[in-house]
Amino acid sequence: MCCPARQKEFCLFIVSLRDQKNKEMIPTQQDIAEFTRFQRNEITESILYERLASIEKDENNRKTLRLIAAEEKSHYAILKKYTGKEIGPDYKRIARFYFLARILGITFAIKLMESSEENAHNNYDKYADSVNEILQNVKENGNKALFDYTLKFAKADISAENIKVTKEEIEEAYNSLENPELVDIIRKSLKNIKDYHEKQKQYSWFDSKTDGSILGQKVTALARVGVYVPGGKAAYPSSVLMNVIPAKVAGVDEIVMVTPPGKDGKVNPNTLVAANEAGVDVIYKVGGAQAIAALAYGTESIKKVDKIVGPGNIYVALAKKAVFGYVSIDSVAGPSEIMVIADESANPRYVAADLLSQAEHDELASAILVTTSTELANEVSKWVDFFVSKLKRNEILTKSLENYGYILVADNMEDVIDIANEIASEHLEILTTNPFDTMTRVRNAGAIFLGEYSSEPLGDYFAGPNHVLPTNGTAKFFSPLSVDDFIKKSSIISFSREALMPLSDDIQKFAKAEGLTAHANSIRVRFEEDDNNCQ
């Protein structure tokens, strides 16, 4: 059957991948996967035009989508016809229209296009100029620019005298916690995180042979790491632990934290307590792109670091992307994502609650259920409606689910797993009869949660594995934040004359084959009889 879209708090798209009854608009598995990839800004121009060309060649599809007459070849004209807007050569907007039309139908596609032109998470250009200006200003003017921006954006009067958090301020933070029990909770969580990451440690190794050759790998922790921690409503002490503990376990010499102050010049007490418990060496009261610039380039008050980690808003994300190369970074994080794959054995109440646990982060968060059970799909939708009406952040939940909330029904678990692997979600919950067996067939996911009592918030706060995970489909090639992110490896090579001699001719011939005679000479001179005579 065709996707019956319901524009409500949670859009329920029941998609059968086989045995379609309505042949006018058949959403294939590739359509669904590519639509999701487009939403995550992964569809390239060449892929788009290939798919557009394919659909335009089919007369039935052309009629179904009411595309313009055959003599009108412009893809831009297609969008103009159905939205009445001049757009110019902006293939991403055309892509959005195409995939919405292909899966949801023309009428609903137009409606969504008209209501979501502000789709900000794919429109970074308007922020990039501001970010680059801030980075350059801090690079050139150091503290002055840093303090000016802090006053402008945070409304806080910060100077060289008060930029660093003092011991007294940390003590005050402990005394001002709304819930004093948080200290013990942080300590319990910290222990679990540390124990897990201790198992990731790598060590130097050396392999010696009887001919006098020694090969090895020297593992060295980074000297200085900067951790960015958001302020205000996004002040999450759990993120402090997840970013700092792996660095401590790796043996980083100095961990520096930056976080924006309030108007009163103070830092969120939850953040300070978590940072102190985790072992942060120094905390600076500065945030935004200007803080990233200070960590990357250094100022009179803040020394340059080797790597920057931690989440932030669009300005922070673009600043981290821009300074990569001056320093290392963890990643450019996108909106939060959760996918649940389930069969008929799943509890719909649990599934709905877990989807909403990520949807509440922000309006761009993604929550997707892929299941083999139509009954489960409908029950989950009902529970979602119920929970949204009761939960505190219902406005954010509603917008998030309208934008990126989906339920997909597939014919079998093989199709479910194929979709999961294509989307490569940040968080993947497996709620099936045998979740461990299902897990063995999953290739792409940031973190995998098995069984109905392994809900995503367990990983956010307490289980131990890191909750800093790859987003935007990058779980296909990136991994969670780990101890590995805070070390570097150096190859060790030591040869004696006796070990090098039998290899010397081969090395020289290899070098000459590449036209690198100085390379060959470096080996040759070690075996010349009169190697001290340069006449």
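Just so it is clear, the model here is predicted, and its values are computed rather than measured. (Residues numbered from 1 in each chain as written. Predicted model: local features only at pLDDT ≥ 70, side-chain atom pairs only at ≥ 80, totals over all residues. Heavy atoms only, no water.)

## Points about the overall build of the chain
Item 1. Within the chain, the secondary structure is distributed over 22 helices and 13 strands.
Item 2. Per-residue burial over the chain gives 49% buried out of 535 residues.
Item 3. Counted over contacts in the chain with a minimum sequence separation of 6, partners at least 24 positions apart contribute 71%.
Item 4. Of the roughly 26,500 Å² of accessible surface on the chain, a fraction of 50% belongs to carbon and sulfur atoms. (Helix = DSSP H or I, 4+ residues; strand = E, 2+ residues; numbered from the N terminus. Buried < 20%, exposed > 50% of the residue type's maximum accessible area, 1.4 Å probe, protein only. Contact = heavy atoms within 4.5 Å. Areas by Shrake-Rupley, 256 points an atom, 1.4 Å probe, with all protein chains shown as cover.)

## A few points about the side chain of Thr259
Item 1. Within the secondary structure layout, Thr259 lies in strand β4 (residues 254-259).
Item 2. Here Thr259 falls in the buried class, since its relative accessible area comes to 1%.
Item 3. Apart from the residues lying within four places of it in its own chain, the contact partners of Thr259 are Val229, Pro230, Gly231, Val267, Thr271, Ile283, Tyr284, Lys285, Val286 and Gly287.

## Some thoughts on unusual backbone geometry
Item 1. For Lys155, which is not glycine, the phi dihedral falls at a positive 60°.
Item 2. Tracing the backbone shows Lys155 in the loop between α8 (143-154) and α9 (167-175).
Item 3. Of note, Ala424 is a non-glycine position whose phi angle comes to about 55°, a positive value.

## Considering the packing of helix α21 (residues 497-513) against helix α22 (residues 517-524)
Item 1. Two elements in contact, α21 and α22, have axes separated by 8 Å at closest approach and are oriented at 165°. Comparing the axis directions of α21 and α22 gives the class roughly antiparallel. The chirality of how α21 crosses α22 is left-handed. For the pair formed by α21 and α22, the contact residues are Leu500, Ser504, Ile507, Gln508, Ala511 and Lys512 on the first element and His519, Ala520, Ile523 and Arg524 on the second. (Axes fitted to C-alpha atoms, helices over the stretch in contact; angles between N-to-C directions. Parallel < 35°, antiparallel > 145°, perpendicular 65-115°, else oblique. Left-handed = near helix turned anticlockwise from the far one by under 90°.)

Spatial relationships are all this shows, so hold off on functional conclusions.
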